[in-house]
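# Report on the structure
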Amino acid sequence: WRHPSIAYTRPMLIHFTLQARQLLCLLMIGLTPLISGCEETPAPTTLERVRDEGALRVVTRNSPTTYFQDINGETGFEYELSKLFAESLGVELKIEMADNLDDLFERLNQPDGVALAAAGLVESPGRKDQARFSHSYLEVTPQVVYRSGKLRPTQPKDLPGKRIMVLKGSSHAEQLTALKSELPELQFEESDAVEVVDLLRMVDEGVIDLTLVDSNELAMNQVYFPNVRVAFDFAEPTRVAWTVAARDDDSLLNEANKFLDRVIKNGTLQRLKERFYGHVDELGYVGAYTFAQHLQQRLPRYEKQFRKNAQDQGVDWRLMAALGYQESLWQPEVTSKTGVRGLMMLTQRTAQAMGVANRLDPAQSIYGGTKYFAHVKEQLPASIAEPDRTWLALAAYNVGSGHLEDARELARKEGLNPDKWLDVKKMLPRLAQKQWYSKTKYGYARGGEPVHFVNNIRRYYDILSWATQPQLEGTQLADSSLHKPAINKIPPKEELAPM
Ligand code: BLG
């Protein structure tokens, strides 16, 4: 759908060439009935069809765990994984979005429908007639979710009497239907008008009592909904996989399986998982809902300042907000053990240099911190390109430009690339070891600190990027201006290199 001119002209061309070939064969059959190769043209396999069209058409859902657009363009776990698959086939990826799960399976099973569904689908008995599953690339556990502060259900027999809603056509609806045969008094609603985020919001706001979602979906969304909690695991872990239509031949499925085996083996899949799910591992569940609380309660107080100063300095406001969260959890009056103070944790010296009189005034702190970040970034050598430029500038904000230069020099001596964050971050911790720092220009520094610092900021930055997703519209976040597209220069998402 992205390039209608290409999407429509290519199949027409193929159609034409097929017809032309058949015509030629007919003519030749008339002339020389015994000529070989002109028997009926066999129908192309699904893989051949993809290759002929030059495009892999994939249907997915719009959610933080699958596919969404941020200001850097299309992204999401399923998007990135299917893009790599399309690349391995040497074709373009064309994403189609299904309104709901019924729509998804319809698109998959239409004649000339999409080739593949990549939408966090779990294998379930009810889906056997519609789809065949690839090798699995993720394990998830279906979980019952409730609102903290309410009585926590701990087992299936606690579910009757509660207001429960799940996605229509979901594996969860299937599982509840199965449970209902044992517990006939169980009631639940199935909706095709909502997404997982809506279900979680409804629990968060107390509109419904319970929902069932997969563990990865809860983990991903926990950072937006402070009140939702796991009540209990509803079933054993299940396998998430891609699907092709049940009637399709094996050619594309086999190719997908080979691809998935490869990315499992070479670590690419693991890196993708870290990129999209890693922040939850890093924050832990308590950290995730604490972040959600702060996102709702604290950020709105400072958002305007972040936006304004970031715009003035030509940087991304969400990156500055992420930096501020790392420094102070968006608290204007904190002081570190070393006497560094305020929301953006300015040293006395930096504050003076930036013209900040009162470091504890959040507006001044955000002004000074943003200006200082833009300044250290500007000072970096021109050879450092984005996104490394952003990560190195963050490290310099924390450890100082001199020490960063020392780490870059160590990288150079090791034959590593001093312009790459991945290489420089290996060297930074050496600044705390005498054998190394004794030979550097600026000497000792707590070089491990900027590594954690940058890693954390990147997590917060990703979460804040997701929070600007239009699919969260209608959630509490939509009330904040977090939803308006950011305007400034955004460092592009890093390639699939390990972080
Ligand atoms: C930074 C300064 C840099 C300074 C380095 O320290 O503070 N950044 C800011 O003020 C924004 O200017 O570089 S230098 O001027 O070239 O020397 C090095 O001194 C602040 C850091 C220090 C850190 N937080 C912002 O990231 C901090 O407070 N560390 C102590 C943590 S704890 O309390 O001991 O746990």
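Described below are features of the structure shown in this document. Note that the coordinates shown come from a computational prediction; the quantities given were computed from them, not determined experimentally.

Calculation rules
Residues numbered from 1 in each chain as written. Predicted model: local features only at pLDDT ≥ 70, side-chain atom pairs only at ≥ 80, totals over all residues. Heavy atoms only, no water. Helix = DSSP H or I, 4+ residues; strand = E, 2+ residues; numbered from the N terminus. Buried < 20%, exposed > 50% of the residue type's maximum accessible area, 1.4 Å probe, protein only. Contact = heavy atoms within 4.5 Å. Areas by Shrake-Rupley, 256 points an atom, 1.4 Å probe, with all protein chains shown as cover. Near = heavy atom within 4 Å. Polar contact = N/O pair within 3.5 Å; in protein donor to acceptor, adjacent residues only side chain to side chain. 1 Å grid on protein atoms, 1.4 Å probe; cavity = no way out; pocket = protein on both sides within 12 Å on 5 of 7 lines; lining within 4 Å. Sits in = over half its atoms within 2 Å of the grid points. Nonpolar A, V, L, I, M, F, W, Y, C, P; charged D, E, K, R; others polar. Pairing = 2+ DSSP bridges. Axes fitted to C-alpha atoms, helices over the stretch in contact; angles between N-to-C directions. Phe/Tyr/Trp six-rings, centres within 6.5 Å; stacked < 30°, edge-to-face > 60°. Points joined across faces, edges and corners; volume = space filled by probe spheres on them.

## Here's the deal with the overall build of the protein
Broken down by element type, the protein carries 19 helices and 12 strands. Considering the protein as a whole, with its 499 residues, one finds that 53% of them fall into the buried category. Within the protein, counting contacts between residues at least 6 apart in sequence, those at least 24 apart form 71% of the total. When the accessible surface of the protein is summed, it comes to about 23,000 Å², and 52% of that surface belongs to carbon and sulfur atoms.

## Regarding the site of the ligand
Taken together, 19 residues lie around the ligand, and Glu327, Thr347, Thr350, Tyr372 and Tyr397 are the ones closest in. One nitrogen or oxygen atom from the side chain of Arg349 is found 3.2 Å from an oxygen atom belonging to the ligand. One of the side-chain N or O atoms of Tyr372 is found 2.5 Å from an oxygen atom in the ligand. Starting from 730 Å² of accessible surface for the ligand in isolation, the protein chains cover 77%. The cavity that encloses the ligand is the largest pocket. Secondary structure elements with two or more residues in the shell around the ligand: helix H12 (348–354), helix H14 (388–399) and helix H18 (448–466). Here the shell around the ligand takes three residues from H14, the largest share from any one element. The residue makeup of the shell around the ligand, split by class, is seven nonpolar, seven polar and five charged.

## Side note on the sheet that holds strand S12 (residues 238–245)
With mixed pairing, five strands are arranged side by side in an open sheet as S4-S1-S5-S12-S6. Of all the strands in the sheet, just strand S4 (92–97) and strand S6 (131–140) have a single pairing partner and so form its edges. The average angle at which neighbouring strand axes cross in this sheet is 25°, direction not considered. In this sheet, S12 lies alongside S6 in antiparallel orientation, the contact comprising seven bridges. Each residue of the ladder has a partner; that of Arg132, found in S12, is Val244.

## Comments concerning the packing of aromatic side chains
Applying the stated criterion across every chain, the model contains 17 aromatic pairs. Centre to centre, the rings of Phe77 and Phe276 are 6.4 Å apart; their planes meet at 85°, and the pair counts as edge-to-face. Of the two residues, Phe77 is situated in helix H3 (residues 77–89) and Phe276 in helix H9 (residues 268–297); the sequence distance between them amounts to 199 residues. Each member of the pair, Phe77 as well as Phe276, carries the same accessibility label: buried. With a centroid separation of 6.4 Å and 40° between ring planes, the pair formed by Phe232 and Phe234 is classed as tilted. The class of Phe234 is buried, set by a relative accessible area of 15%. Of the aromatic side chains, those joined through ring pairs into one cluster are Phe77, Phe85, Tyr137, Trp242, Phe259 and Phe276.

## Here we look at empty space enclosed by the protein
Taken as a whole, this structure holds five cavities of 30 Å³ or more when the rule is applied. Considering only enclosed or pocket space, the largest cavity measures out at about 140 Å³ in volume. Forming the walls of the largest cavity are 16 residues, and the residues nearest its centre are Arg61, Leu101, Ser170, His172 and Asp214. Among the elements of the structure, strand S5 (116–122), strand S8 (165–167), helix H5 (171–182) and strand S10 (211–214) are those that each provide at least two residues to the lining of the largest cavity.

## Looking at the sheet that holds strand S11 (residues 228–233)
Pairing in this open sheet of three strands is antiparallel, and the strands run S10-S7-S11 from one edge to the other. With one partner strand each, in any of the chains shown, S10 and S11 form the two edges of the open sheet. For this sheet, the mean angle separating the axes of adjacent strands, direction not counted, is 45°. Across four bridges, the pairing between strand S7 (residues 142–147) and S10 is antiparallel. Residue pairing for S10: Gln143 is matched across the bridge by Val213.

## As for the environment of Gly448
Turning to its location among the elements, Gly448 is positioned in helix H18. Along the backbone, Gly448 and Val399 are 49 residues apart, and their C-alpha atoms lie at a distance of 9.6 Å.

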